[in-house]
Every structure is written in C-alpha cells, then in structure tokens.
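Spelled out from the first residue to the last, the chains are:
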Amino acid sequence: MLSEHKQALGKALAHLQQHWAWLERPNKAALQHPSDFALLSVAPLQLQVLRAALQQVSGFRDMHPDRRIRGLLNWQPEGELAAAFSNAGKLWDQGYSGKGIKVGVFDTGIREGHPHIRHIKERTNWTHQQSLSDGLGHGSFVAGVIGSQDTTCPGFAPDVELYTFKVFTDDQVSYTSWFLDAFNYAISCKLHVINLSIGGPDFLDAPFVEKVWEVTSNGLIMISAIGNDGPLYGTLNNPADQPDVIGVGGIDNDNNIAAFSSRGMTTWELPAGTGRIKPDVMAYAKDVTGSKITTGCRSLSGTSVASPVVAGAVCLLASTLPEERRWLLNPASMKQALVEGAFRLPQLNMHEQGNGRINLPASQAILANYTPRASLIPPAIHLADCPYMWPHCKQPLYAHALPVVLNATVVNGMANTGYFAGPPVYEGLDEGGKMLHVTFQYSEVLWPWSGYLAVYVQVSPAAEAFSGNATGRITFTITSPGQLGAESKDPQSSKVVVPLSAVIKPTPPREQRIVWDVLHSIKYPPGYVPRDNLDIKSDVLDWHGDHPYTNFHEAYDALRGAGFSVELLASPASCFDPRNYGGYLVLDAEEEWYKEEVAALTSAVKEHGMALVVFAEWYHEESLKQMKFFDDNTRSWWTPITGGSNVPALNELLAPHGISLGERILQGSTSLGKHTLQVAYGSNIATFPAGGHLHVSHLTDVAGKGAGVPGNYAAFGVAPSGSGKVAVFSDTNCLDSSHNTGPCFEFLVALFQQLLLGKDAGLTPADKLQAAPFRAAGFTAAPQRRADVNFTQYSWVLQHPHACHMSAPCQFRQPPDCPAGDAWKQKHPKAAAGSSAASTGSSGSGDAAQQQEEQPVQEDVSNSQVRKHQGTDSPPPAQQQQEQKTDKADKQPDKQPDKQQPAAKQEEAKQEPATGGSEEEPKPKEEPAQQQQQTPAAASGDASTTAQEQDKQQEPSRGSDTPAAAAPADTPAEQPVEEQQEQQQQAAAKEAEKLQQLADDANKQQQQQQQPDKASSSAAGGQGHHAQHFAKEQEQAQQGQRSAFISQAVTLATFICVAGVIGIVVLWSMRSSSNGAGRGKWGRRWGYAQVDLEFEGIGGTEGCQTADRYQNGYAVVTSHRVLWIDAGARPAPGRSCCLPLESIHSSSKRVQYGLNLMNPKVRLELKVYVDLRSQPCNSARYNQELSRQLADFLAAPLARAGGVLMLPDVYCLFNRARGSELVSPDDLLQACEAFPQVGLPLRVRKFPSGVIVVQGSQFSDAQLCSSIQRLLQDKAQQQQQQQASATPGDRNAAASAAAVGVQLGPALSATDVSGALSLPLTLAREALLVAEARGVLCRDDGPEGLRFFANFFMAAQPLAV
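Keep in mind that this is a model prediction, so the values were computed, not measured. (Residues numbered from 1 in each chain as written. Predicted model: local features only at pLDDT ≥ 70, side-chain atom pairs only at ≥ 80, totals over all residues. Heavy atoms only, no water.)

## Quick look at the pairing of strand β3 (residues 102-107)
- For β3, the buried fraction is high: 6 of the 6 residues fall into the buried class.
- Of the two faces of β3, the one holding Lys102, Gly104 and Phe106 and the one holding Val103, Val105 and Asp107 are both buried throughout.
- As paired elements, β3 and strand β5 (residues 161-166) share 6 bridges and run parallel to each other. What sits directly across from Gly104, in β5, is Tyr163.
- The pairing of β3 with strand β6 (residues 193-196) spans 4 bridges and is parallel. Directly across from Gly104, in β6, lies its bridge partner Ile194. (Buried < 20%, exposed > 50% of the residue type's maximum accessible area, 1.4 Å probe, protein only. Helix = DSSP H or I, 4+ residues; strand = E, 2+ residues; numbered from the N terminus. Pairing = 2+ DSSP bridges.)

Right under this line is the structure:
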C-alpha cells in the first residue's frame, strides 16, 4: 500500500526532507489497491541529489517527471453512421451485441445514467477535477460510438459493459500519474478492451510505455488512435505505434485516407534501423455520428473517432466467441483477426493504411476457427507489389547493392511470451530466388505478445546481368509456454511460412546510383532538436524522423522518378564500396561523424570520383541559447542540443575539400539556373576553394544583433575535389515535406543529373567560377559545439563504436556473413560503367545524359509481374510457369536497337513500362544457353589472383560511356565465335518470324477495314511491311490528333461566343443593382475559364485607367500588348495605378485568362496571381469603410461578450450576417487594424500566445484584474464559510495539510474564470496570464493542472535591512 511506500521513503530521505514532499493521490487505485509508484514534489535544483539518494533504497527503479499527456483534436461537420459502413449489421442479425464484454473508455468521463448507454458499470475520476461527468463531450461521444443503443446514432456493441475512466479534465489536461493509477485499476477490474483516443510523439515516457506493456501483458486488448498529424509522414503517435497495441488510422466514407490521419513508418528504430508498419488497421474517422453530453447525436472527425470505431468493433467481435472459448481473446489473437480480415485499400501504401480497412464478417470467420498461432505483419513480402509495398516497389533489386531492409512484426497469439525456436531460414524457389541472400535480426524474447523480424535482402554478384523475377520463402518457428485458460498447459509451437518475391534487374551503371545517408539524423525524443523552419511555432520539435520513408519521401520519389537508383545506408559511411556509386547524399545531418567516415568519404571523392552532396541547415550558438523554454510535458527546461543541423560536425566532413559553413541564419529566395529556391533559415557558406562555382545571393541574415539586415551571402556552391566534386546548399527545408515553404525536388534532380550524368542544368555558369579562394566577410572562426550541452547522451554515434552493421553489404559487416563462394568476394561489377562525367566531373552533355533524357526509367512493378502464392510451401506449378514464359514471349518480341525501330514503335517503347519493372528487357526464356553461360562467367575468378588485384582489375574505367547493363559479363571472351554466330542467326530468324506474324495480322485487319483497291499494300512481307504498317499507323494517329484539335478549337470558340453573349446580358441586367462592398458596381466577377498560360512574351504597358476595386486585380490586354493593369482600388490623387510589368514577373510567372464580361466589347483578360494591394496605388478607402461597417455591427456582440471577442469569432459572425457577400480574412484583419485611424472605440490586441482579439474601449486590463481579484475574494469567503461549518475531523485534516507548506488561499483555473466572467476558455487563460504579468496572481503548474493564487509578494511590506 502507499502508506508503506511513504514510510520507507520518509526514512531513507529524512536528511533531504526539506527538498521534497509526498503528494497524495485520492483515487481508488491508490487507496484500495497496491501501487507500484509514488508521486513526489521535488525542488528542481535537487533532482540529481534526490535521485542519488533514492538509488540506495531497495526496490527503487527510476525517477521520471510527471509528464503532461497530449490529447487528440477533432471537429464537427455533418456525420454518417460508422457502424453501417463496417458491416456491423451482419453480426447484429446473428444476435451478437457485445454482451458480456467489459470495455474501458479512458477519456473525459460521462454523465450518470446517460440515456444512450445501456450498461454503465462504473464511473471513476482520476483527475484533480471534482466531477465524474463529461464537461467537454468527447468522452460521451466515444462511449456512444462503442455502445450506444440510440437508433439515430447506434454504437457497435449496445450490450457492452462500460467502465469510464475520467483521465482528462474538461479543458483536456492530463498527466502520466493519472494514467498509471487508472491503468492499475483497469487491470484489477479484468477488462477485456481499453480505448485510448489520445496520443503524442513522446514514446520515451518510460513509465507510460512500460505501464502499457503491463496492461497488454495481462491480456487487455488496447486500441489507440494513430494521431491527427497527417498528411505528414513520420507522425505516428504513442501508444498506437507500439507493437502490442492496435493502432488505428482514419479514412473517409469514400475509403480515401483522411487528410488528418498520421502516417508511418515508426521512428523508434532510427537512425540505425528501419521502422515498422503502422497503423495496424483503418476505420472511418470523417464525419462519424455519436452521442452528445446529455442526449441527442452529433458528428466528429479525427483518429480519436476512428479508435472507438475499432474498439466497438472489437467488443462486437469478442462477443461472437462463446463463453467457453473466450480464453482465446488476447491482444495478439484480436490483432490477427483484424489485420488478416482487413480489406486492403488499393490506392494506399503500407505506411499509410497498415493492413487496410476493418472487415467485421471476415474477422468473425477468422475468430470462429481460431487456433492460437504466430503470424507476421505483413504476411507476405512481395517487394514489387505497388503501391502497397512503397518504397520498396519503386526500385527493383540488383547485384552489388546495399541490402533492402524490411522490419516486420511477429504477432504471437499463443502466449504473452514467446521465442524463436531457431534462426529463420530462407529458401529460394526459382532461379532468381536462389540469387538472393537473405539474413535476419529478430527479438530474443517476444513480449508482450509480439516482437520484430528484420529482413535484409541482397542479390548475388553473380546476378549482375540477370533480369527477371525472384521467388522464395522464409520459414521460422515460434515457441511459447502453455496458454492460460486452455485445457492443455503443454508448451506450444507455431511454424510460420512467409512468401517472398522481388524483381531483379541488371546492375545499373555507376552514374545512376546514389547512396542516401540515414545514420546522421538525431530522432526525437530524447533531445530537443529545433525545427529547421523557425517560422513553425505550433510544432517546434523536429520529430518526423528526417528519413526518406518519412518527411523526405517526396525527395526520394523525385530521384526515383528521374531514373536514379537510390540506396539507403544506416551504417557508417565507411561501410560501402564507393566505386559502385556516383553520388553520396547528406540531408539535414544533426549527428557527429566518425573519423573513419570522414577519411572514407574523402577518399571516395578525391580518388574514386564520387560526388558528395550536402544540404545543410542553420546553426547559431547564441540563438540556440535563447530558444530555451519550459516544457509542460516533461516539466523541465529544454534547450536545443544543436541547430537545424550540426554545422560544427559538417565542417569536419567538408574540411578536406576546403569548404566550411558559417553561423548566419539566412532567409529569402535565390535563383539557381532555372530554379527559384526559398531559403528558409539556412546557414551560409563561409569558405570555398578556388576553381569551384559559388552562388552569392541577396538574402537576409536573421541571427544575432544585426538580424534583419539584407546582404549578399553564399548559399550554394559546387567545387572540384580530386577526381570528384562536392556540392553544398545551405538549407534543407525545401526538401522536407513537413513544413517546407517551397519544394525544390526538381533542383535536387537537376543537381544530380549535372554531377553524375554530365547534363548541363545551368548550376555552374562561367561567371560563378571562383578564381581565388573565397572567405565570407566578417568570418573569423568556424562555429563551435555547445560547451554547455552533453551531446553524448543524445548521439547514436558517440554512444556506439565504429562498426558496419546489418544495413551494410555482407562483405563489410563485422564479421562478414556472405555465402561461401568466389562470387561474393566481388565487390563491384566486372562490366564497370564509370562514365567520365562521374569520374572526372566534366560538365559535358554526353550520350549518357541524352539517353537518360530520352528514355526515362519506369521501374514501378505491378502486381501482375510477380506471382503471389501466399501461404504455400511450394513454388507455382511448372505448367503455370511455362504459361507465363509463353505469354511473355508472345506479348514482347525481341527488342531491336532504337535506331532500327520505327518512330511509332519507339514512342510506344517510351510510354510502356518495361517488363519486370526495369528499363532492360529480361532475356527470352527460349535462350537458356546464354543465361547458363553468363552466370558462371559472372561468378568465376582466377584462383591465382589475389583479392587486391581483382579489385584493381574490376575498378570502373573512368572513360567509358557504356552502361553496365548493356555490356555482357565476359561472355564474348569465353564463347567460341562459331557458337556466337549460330546463336545470332537463330535469334534473327526467330525475330523475322515474329515480325512476319505481326505483318500478317496487320494485313488481315486492313483487308477487313479498307477498300479492296488498297489491299495491295499488304503484299510486302517481313520487316519492310512491318515498318510500313507502323508508319501508316503513325500517320493515321497524327491525322486523328489534327481532327481532334480542330474539333476542340471549334467547340471552344463556340463556347466563348455563347458565354460572352450570356455574360453581357446577365451583367447588363445587374447594372442597376446595389454595390456590394469591395466588388465594384458590377457585383460579382463572372465567367473565368481557368487555363494556365506563360506570362513571358507579353511586354510593355500602355495607358492608365482606373476601375473599381477587385480582390487581386487584373490586367486587360488586346492581342499581344498589355493595355492597363487594375491595381485593386481607386488611386489616391496624384498616384499612378499602372503597375510595372517587371514586378509581376518577379512575383509570378503563372497567370490565367478568361472573358472580360464587364464591357460589351469582349476583351481578353489576364488575372494575375499576385497581391496588388501592396502596391503604392492602393488606397485605404475600402479598409476604412469596412472598419466603420464592422464597428457598427460589433456593438451588440461585444456588449454581450463583456467587451472582447476573438478574431475568428468576429470573422464568423460578420460573414454569417453578410450572407453571400463574404469578406476575406486578410481584409477583415486590415479593417480591424484600421480602427484607430478611423477614430473608432475598438482595437485589435494580440496576446503573447498568438491569440488575436477585438476589444472595446470599456475593456481594460485594470478592469479585468479587478474582476479576477473580486472572484478570488468571493472564493475565499466561500472557503471560510465551509470551514466554519466543517466537522472537527475535517478541520484537523485541513490543518495538517496546511503544515506542509504556506496556506495560499483559493486557486483559480481557466475553467473558473471562464464560467464566472463568461469568457471563452482560451481568453480566460489569457486573462489569468495578464493578471500574472501585472503582479496580481502567481501560478502553480502541478499535477492538479495550471492554477493561479493571489500574489502575496506584491502585498507584503518590504523588510528593513
């Protein structure tokens, strides 16, 4: 019991009693049941002293802050019945309704006797709020989705037994300690299911995470929302991201992923590992209908709504098991039933949808026949299955590549503890499958109910010229002790067979291959790494993973879409062979670098011609110190451990190449070639070598004392270094899909095309060439690491010795674990293809670049290209394999060189994805001799040649322009000439037969469709007729296109004329109507046909007219010349309304045109996407008039609201009254800001938190503080009256409580002020903060929430000294 804990701690910490105090927890779990934790109040400066003393106490494990739990957001549009969309009716029709299932809802509580809930078994409160009821509405809604009996908004399981746990106050405040007590009580109640519509990014809240493990290990099925941080990737919330919890994502009623639903992968395993697949399942989360606080129904959206949808479905499913079989229910068996019965959504990948949408009838069938077993998520590993297996399906496998890594989850339905009986085994089932080398890492113990299986896939070097499918299977066995509740207690075992398939392509040439470094990002938590974009105030922590599969996923897709092969390295940069790669990419590196890595990358660039590309971020030591803030979650001060990137560490990496970064924090835009890039808080290039190309741009430095002064700073450079190149850009924000201000994916692609393929992208013009070394003005010393931060406790590199891990090729692992044989000693392709562009850094546009541009690689592999035989222990039947070979041979004739193909055929070849998912066609199956001869050739090696000599012989030749895939692997040197000629003749004969067959087929079609006198053209045979046929097809296609174009042009012209006449008539009839505010005498704008058009080519401005104001302005042109540009309002006297054309060019290159229906003369109109109201000719007349209207309107609402309204409320009220004549948010804000200029008794106020309000002159801070003081006095009088009427026992208890500290008097919370002063909850909190700033109140932010007391310090008399 807690009393024993208190006595033990009091004895052990008696010498420190002045530094801590025991906090009572008056709840059922703490008072009636044993507890495994204590809650103490500790002086902040004594934390470490107290921890050291507690470590001497028997039974002490650790000490953690009582963190604040983050709730999930939701909103309230129109709703649908989620139960109806999840096939619950099919189970209801069978008589199932959740009877006998106990579910716990951890939320905001529920009212007593809620009419929608049939069986409310118990309500408990775990907060400091003295109420069991729901004052917010969220808990009532969640309970209704699970178990409502109301026919308007029915729940899934109306006969469920409901236990409510109020763990959130009505203002959504909660702490870890409240959850720990509530979880303990839930275990004692022997619940079946728990719903948690909560979450947050902090999966290192150890007490919370470990308590969740304890809950699920006791057999309770926990369902939790995955988070509302979508559409961003890497935003999974805890505890839904734990493998023992069923994580739920959200979809809308059209089976599309809800925009707000968080996406995977998990980030626990970073940086050295790969994340798991989450969420587990999807459920309806958009406009779901549930119960109100008292009675009636309403709708909400959010994954906090999807979670009770699944919780209700689980309760319904659980009730389908008869009582004697309910011992089978556990977190693993229910997860298996849900994920195996789920319907996969075809348009989503595994990190978006998990296993798909829940399907209750299918899950019911699985449970009905369930036998405890183990399984894997995903159940089959089909790497070419797009889009589900993104990102793996984007890129086929090939030899000499880094391993492809998949982190799968093992689910064990036999017991909460399990073990691998032995290492998993991979077996290749066909020729391609036997070329795969598959290795594993796995959990030593599966607890609770789950573990991991990491699968690493490599291709044998002998397959460097192979093209085709690979099929195999993984087998492993899980053992567990006997299942509690089962008849037999004997140990259990379950064999799991997992199909594996992939597509193998020939090894691409070096200049198409990029290594992406993923080891050097620091994940959140445990450290505070600030956002790269400092404008983001609502989400200041960099917690999305910085990984190609999370917030850099669009950059990854851009490189793949451009034909580059991208491989991920989660080991040190010394753990790969640089001779195989053209480029090495580093994005937003916050980690330190091993000295071995720096040496290896220096050698890779200088000696092996590799290109090193670094995208940095900001770093400024003084700014970092100023970013310190108090975190309500951990209840401690947080200070950044590094900047947006670790510039001091990056400088050590770049130092061998003569480059260093400075401490500027740059902001602005820069143009590089044809790319305009936004620099959103990037560093500056401080030193740069001669001979490189350096871009200096006009940017603003926002760091330090001189912040905000524009200047010329270097932000991008490309420098030669030995035989390679180094490219540095100062900012990564434009590649980060979470909060970028302007994407630069095209720039990333162009940069690699220039560095690796020699394609001139205009990034290194001659005028940017540095004749002498560059040194930034004012630069004296490179940025230094923070001396006041112990970086080791946050750094993976500093905590681990240098070593190559499983993510490295098997040849580099320590120890190496490659299969036996000479083939695996080969580290890079024999038919090397190191082009001169990659090796010497030439900027020419050679054949490689031209070929890359003409034939873009399309390697997404569809489901039809890989045979899936899920759950089978044997390969597909031989007959089916032979049918596949025949189909491929019939559908795909042997390819001819592009120069011999007709133009139409070449166009088809460009548009069709290559078979097998690669740009190279697989060898025809009718020619096994070539394959059999190529494979030994690739694997052979001279036994007398040492490994070092082989490496020298195999190093890429730096002058070759021939891709590796195009050169056979030593076959011509070992094959007799006669055999080669014979095979070539056979191949030519077969191709001639196929072409003749195609020609005959085309001839028959022409005879059926054309006139008899045109049939003579089919007499020509063989290849000549084939070429004529395709040329004629091309001519017919072009003629059809011309006809379609003429038809479309006639239709468009007719539409324009009709629309013009109608518009003129309509507007003429509106001419006498009243003027709408801000719309001119013509009312609304009409008739815009949105068509993108390049603005370039239209030059000059003539004339100057004025017109009534339009929101964005427009430009009127006739034929080719701009006549005038309306700047948005009537100009002030003596001011010109003409806008220089150059200002439009600098703001926007995209315009739209439509019909100008404001004059009977139909004129072409250009509507420019640029805010013209900021131009000098704009008048304030409109804003002033709108201010007067707004002040008149707000008189009554402000009086009702006590003199203050939040700006969003003003916007809604004003526009609701205007009807269809809406005012934009920008116009409204400008009108409010103009109140003082017009002399109106209103003003706009912005609080430090960012809340903006409109307040009247009668509302003042002094008046507000007086109201709060009166409220305190009233509460003090109430307390005195209660104490006067209290019993002697109660008075003694109050006296003992007062002895612990100073009697502070009554406390005020935001809820108190909101109810007393009729203010919104947000404004009530701001009012308390204002009173605190004026010295009226003092705050206490503790487990009871944020409370304010009277400030006795200001009232006390000064002491005489």
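From this point, the narrative continues.
## Considering the confidence of the model for the protein chain
- When pLDDT is averaged across the protein chain, the result is 75; 68% of the residues are at 70 or more.
- Per-element averaging of pLDDT across the protein chain places strand β35 (residues 1092-1094) at the bottom with 29 and strand β12 (residues 374-377) at the top with 98.
- Considering only residues more than four positions removed or in separate chains, one finds that residues 832-978, a stretch of pLDDT under 50, has 248 contacts.
- Low pLDDT (under 50) marks residues 1293-1302, which in the prediction has 2 contacts with non-local residues, meaning those over four places away or in another chain. (pLDDT = per-residue confidence, 0-100. Contact = heavy atoms within 4.5 Å.)

## Focus on the sheet that holds strand β41 (residues 1204-1206)
- Strand order across the open sheet formed by 3 strands is β41-β43-β42, with antiparallel pairing between neighbours. What marks the edges here is a single partner per strand, and that holds for β41 and β42 (1242-1246). Along the sheet, successive strands turn relative to each other by an average axial angle of 25°, direction set aside.
- The strands touched by helix α30 (residues 1207-1218) within the sheet are β41 and β43 (1252-1256), with β41 carrying the most contacts at an inclination of about 85°. (Axes fitted to C-alpha atoms, helices over the stretch in contact; angles between N-to-C directions.)

## What to know about the state of the cysteines
- Taken as a whole, this structure holds 5 disulfides when the rule is applied.
- At a sulfur-sulfur separation of 2.0 Å, the disulfide partner of Cys734 is Cys744. Residues Cys734 and Cys744 are joined by a disulfide whose S-S torsion is about 55°; by sign, that bridge is right-handed. Of this pair, Cys734 sits in the loop between β33 (724-729) and α17 (745-757) while Cys744 sits in the loop between β33 and α17; the two residues are 10 residues apart in sequence, bridging distant segments of the chain. (Disulfide = S-S within 2.5 Å.)

## Comments concerning the sheet that holds strand β7 (residues 221-225)
- Taking strand neighbours across the sheet as the criterion, the 7 strands line up as β4-β5-β3-β6-β7-β8-β9 in an open arrangement whose pairing is parallel. Of all the strands in the sheet, the pair left with one neighbour each is β4 (120-125) and β9 (281-284). The average angle at which neighbouring strand axes cross in this sheet is 25°, direction not considered.

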